[in-house]
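What follows is the residue order along each chain.
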Amino acid sequence: MDFDARLAPYAAHSSKSRGRTHIEPPAGSRSEFQRDRDRIIHSTAFRRLEYKTQVFLNHEGDLFRTRLTHSIEVAQIGRTLARSLQLNEDLVEATALAHDLGHTPFGHVGQDVLNECMKDYGGFEHNLQSLRVVDELEEHYGAFDGLNLTFETREGILKHCSVNNARQLGELGRRFLERSQPSLEAQLTNLADEIAYNNHDIDDGLRSGLLTMAQMEEVELFARHRRMVETQYPGLPGRRALYETIRLMITAMTADLVETSAALLKEAAPQSIDDVRAAPPLIRFSPEMRAETTALKRFLYANLYRHFQVNRMRVKASRIVRELFEAFMTDPVLLPPDYQVASGDTLQQARKIADYIAGMTDRYAIKEHRRIFSLDSL
Ligand code: MG
């Protein structure tokens, strides 16, 4: 079957994939990237995303985004963008569904604290952890550890990486040392992520009551689309007006990205993925849209991500993660046997503890903290 028939020459072609670490026979009815996507969906880490925080704690409300619904929205937006630019939808989908697999419980605060705890043991980066999940930690197959994904999907998962860590990653780390670009599909998934969270965080922020409509009027990108909705549907009430506004914003952002990137691609005219790697980033917003999304991000940071009620959750969550880490480092015998390092090597033990904590869902981390520290339930 020709899975690459409708792709542009600069797309990632399944038939030209740089392949998997462990050689496997072709997937038959599926392309290599479809197979990657399927392995990701069947992984344990993927199911855990349902109970991991995006902004709000998983149990704070049934309708807030979790890492799982966020990842699905990224995949949906990413596929639409990929199709418009004749890029590989399957690779974008696989990358989008896997991009947050390494996230700790409690969102970004979890990763910041774990990184501090790990500072003498090689640090902790959630992008690198996502890669570690698919390369090593998943236990699904007889022949290898991890999911044995293609180079291209793994490249897309590793959005950022410190130079030190990049040096240890061989081929995959090379672009961070040479400052070359990943596939267009990886570049695109990165921006689909941004489109998804910028929009769904407005929805969740308003739903939670931490943001108000009046406040949102400060953000020009939102205010402009809100006015368009008001013109088309005068007096449209509450949630419908909000959803219509967000819908128009997503459309505006995706249209801008497709138009800008199509023009850049036409000008640079890359003939292969190798040309793409050597070129500057070609998937981009226009400078005007970039300025507007930056203003929106700043607004969300100041008014939502640093809202005092969110701060309370952040401080509590950071205490849970730090105390768990310290307790396990002091007494590794508290760990499940799989996570105890028999040799007593501190570096290895710290990494195992980071793997254990990073793999926890929000509620599992809260329960584990209670099991270890509560004197009421001896
Ligand atoms: Mg994300």
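Please read these numbers as outputs of a predicted model, since none were measured by experiment.

Rules of the game
- Residues numbered from 1 in each chain as written.
- Predicted model: local features only at pLDDT ≥ 70, side-chain atom pairs only at ≥ 80, totals over all residues.
- Heavy atoms only, no water.
- Helix = DSSP H or I, 4+ residues; strand = E, 2+ residues; numbered from the N terminus.
- Rg over C-alpha atoms; globule rule 2.2 N^0.38 Å.
- Buried < 20%, exposed > 50% of the residue type's maximum accessible area, 1.4 Å probe, protein only.
- Contact = heavy atoms within 4.5 Å.
- Areas by Shrake-Rupley, 256 points an atom, 1.4 Å probe, with all protein chains shown as cover.
- Salt bridge = Lys/Arg side-chain N within 4 Å of Asp/Glu carboxyl O.
- Donors = N, O, S within 2.8 Å, 3.2 Å for Na, K, Ca; no water.
- Core = buried A, V, L, I, M, F, W, Y, C linked by side-chain atoms within 4.5 Å.
- 1 Å grid on protein atoms, 1.4 Å probe; cavity = no way out; pocket = protein on both sides within 12 Å on 5 of 7 lines; lining within 4 Å.
- Points joined across faces, edges and corners; volume = space filled by probe spheres on them.
- Nonpolar A, V, L, I, M, F, W, Y, C, P; charged D, E, K, R; others polar.
- Phe/Tyr/Trp six-rings, centres within 6.5 Å; stacked < 30°, edge-to-face > 60°.
- Lys NZ or Arg CZ within 6 Å of the ring centre and 35° of its normal.
- Expected span 1.5 Å × (residues − 1).
- Domains from an automatic or database assignment.
- Buried area = accessible area lost by both parts, 1.4 Å probe.
- Polar contact = N/O pair within 3.5 Å; in protein donor to acceptor, adjacent residues only side chain to side chain.

**Overview of the overall build of the chain**
- Within the chain, the secondary structure is distributed over 18 helices and 0 strands.
- Relative to the 2.2 N^0.38 estimate, which gives 21 Å for 378 residues, the radius of gyration of the chain is 22 Å and therefore close to what a compact globule would have.
- Dimensions of the chain along its principal axes, counting C-alpha atoms only, are 65 × 50 × 35 Å.
- By the burial criterion, 53% of the 378 residues in the chain qualify as buried.
- Across the chain, every contact between residues at least 6 apart in sequence was considered, and the portion connecting residues at least 24 apart equals 70%.
- Looking at the chain as shown, the accessible area adds up to about 18100 Å², and 51% of this sits on carbon and sulfur atoms.

**Concerning the pattern of salt bridges**
- Counting across every chain of the model gives 33 salt bridges.
- With a shortest N-O distance of 2.6 Å, Arg290 and Glu194 are connected by a salt bridge. Here Arg290, found in helix α15 (residues 287–305), pairs with Glu194, found in helix α10 (residues 184–208); they are 96 residues apart in sequence, far enough to count as distant.
- Exposure remark for Arg290: the relative accessible area of 30% places this residue in the partly exposed category.
- Through salt bridges with shared partners, a single ionic network connects Arg30, Arg37, Asp38, Arg79, Arg83, Glu89 and Glu93.

**Quick look at the coordination of the magnesium ion**
- Protein-derived coordination of the magnesium ion comes from His70 (NE2), His99 (NE2) and Asp193 (OD), at a distance range of 2.1 to 2.4 Å.
- Mapping the donors of the magnesium ion onto the primary sequence gives the spacing H-x28-H-x93-D. One end of the pair, His70, is in helix α3 (residues 67–84); the other, His99, is in the loop between α4 (89–98) and α5 (107–117), with 29 residues separating them in the sequence. Residues His70 and His99 agree in their burial class; the two are buried.

**Quick look at the nonpolar core**
- Counting 70 residues, the largest nonpolar core has Ile40, Leu87, Leu101 and Ile202 as the members making the most contacts within it.
- Counting residues per element, this core draws most heavily on α10, at 8 residues.
- The contact partners of Ile40, leaving out residues within four places of it in the chain, are Phe46, Ala94, Leu97, Ala98, Leu101, Leu147, Leu149 and Thr153.
- Phe106, Ile320, Val321 and Leu324 belong to the second largest nonpolar core, which has 24 residues in total.

**Quick look at empty space enclosed by the protein**
- Summed over the entire model, instances satisfying the criterion amount to 1 cavity of 30 Å³ or more.
- Space inside the largest cavity adds up to approximately 50 Å³.
- By residue number, the principal contributor to the lining of the largest cavity is α10, which donates 4 residues.
- Its residues placed into classes, the lining of the largest cavity shows 1 nonpolar, 5 polar and 2 charged.

**Quick word on the packing of aromatic side chains**
- In this structure the tally under the stated criterion is 4 aromatic pairs.
- Between Tyr356 and Tyr364 the ring centres are 6.4 Å apart and the planes differ by 80 degrees, which places this aromatic pair in the edge-to-face class.
- One aromatic cluster in this structure is built from Phe328, Tyr339, Tyr356 and Tyr364.
- Against the face of Tyr51 rests Arg363, its NZ or CZ located 3.9 Å from the ring centre.
- The aromatic ring of Tyr364 is capped on one face by Arg371, whose charged end is 5.3 Å from the ring centroid.

**Regarding α10**
- For α10, with 25 residues, the first-to-last C-alpha span of 36 Å sits near the 36 Å given by 1.5 Å per residue.
- Counting buried positions along α10 yields 21 of 25 residues, so the element is predominantly enclosed.

**Observations concerning the domain arrangement of the chain**
- Along its sequence, the chain is organised into domain 1 (14–309) and domain 2 (314–377).
- The gap between the C-alpha centroids of domain 1 and domain 2 is 28 Å.
- Taken together, the contact pairs 29 residues of domain 1 with 23 residues of domain 2.
- Interface area for domain 1 against domain 2, summed over the two sides, is near 2300 Å², with a carbon-plus-sulfur share of 65%.
- Looking at the side of domain 1 facing domain 2, the largest losses of area belong to Tyr51, Phe106 and Tyr121, adding up to 27% of the total buried there.
- Inspection of the domain 1/domain 2 interface yields 2 salt bridges.
- Counting across the interface, domain 1 meets domain 2 through 10 residue pairs in polar contact (both at pLDDT 80 or more).

**Focus on the environment of His42**
- Locating His42 in the fold gives a position in the loop between α1 (32–41) and α2 (44–48).
- Given the relative accessible area of 55%, His42 is considered exposed.
- Expressed as a C-alpha distance, the spacing of His42 and Val113, which sit 71 residues apart in the sequence, is 29 Å.
- Excluding residues that lie within four positions of it along the chain, His42 makes contacts with Arg47 and His140.

**Comments concerning the layout of surface pockets**
- Space inside the largest pocket adds up to approximately 780 Å³.
- Lining the largest pocket are 32 residues, with Gln54, Arg67, His108, Tyr197 and Tyr305 positioned closest to its centre.
- Looking at the lining of the largest pocket, the elements with two or more residues in it are α3, α5, α6 (126–137), α10, α15 and α16 (308–330).
- Broken down by element, the lining of the largest pocket gets its largest block of residues, 6 residues, from α10.
- Here the residues of the lining of the largest pocket sort into 8 nonpolar, 13 polar and 11 charged.
- If you trace the second largest pocket, you find 28 residues lining it, with Arg48, Leu137, Glu138, Tyr339 and Asp355 closest to the centre.
- Of all the elements in the fold, those that place two or more residues in the lining of the second largest pocket are α2, α6 and α17 (346–359).
- Per-element tally for the lining of the second largest pocket: the top contributor is α17, with 7 residues.

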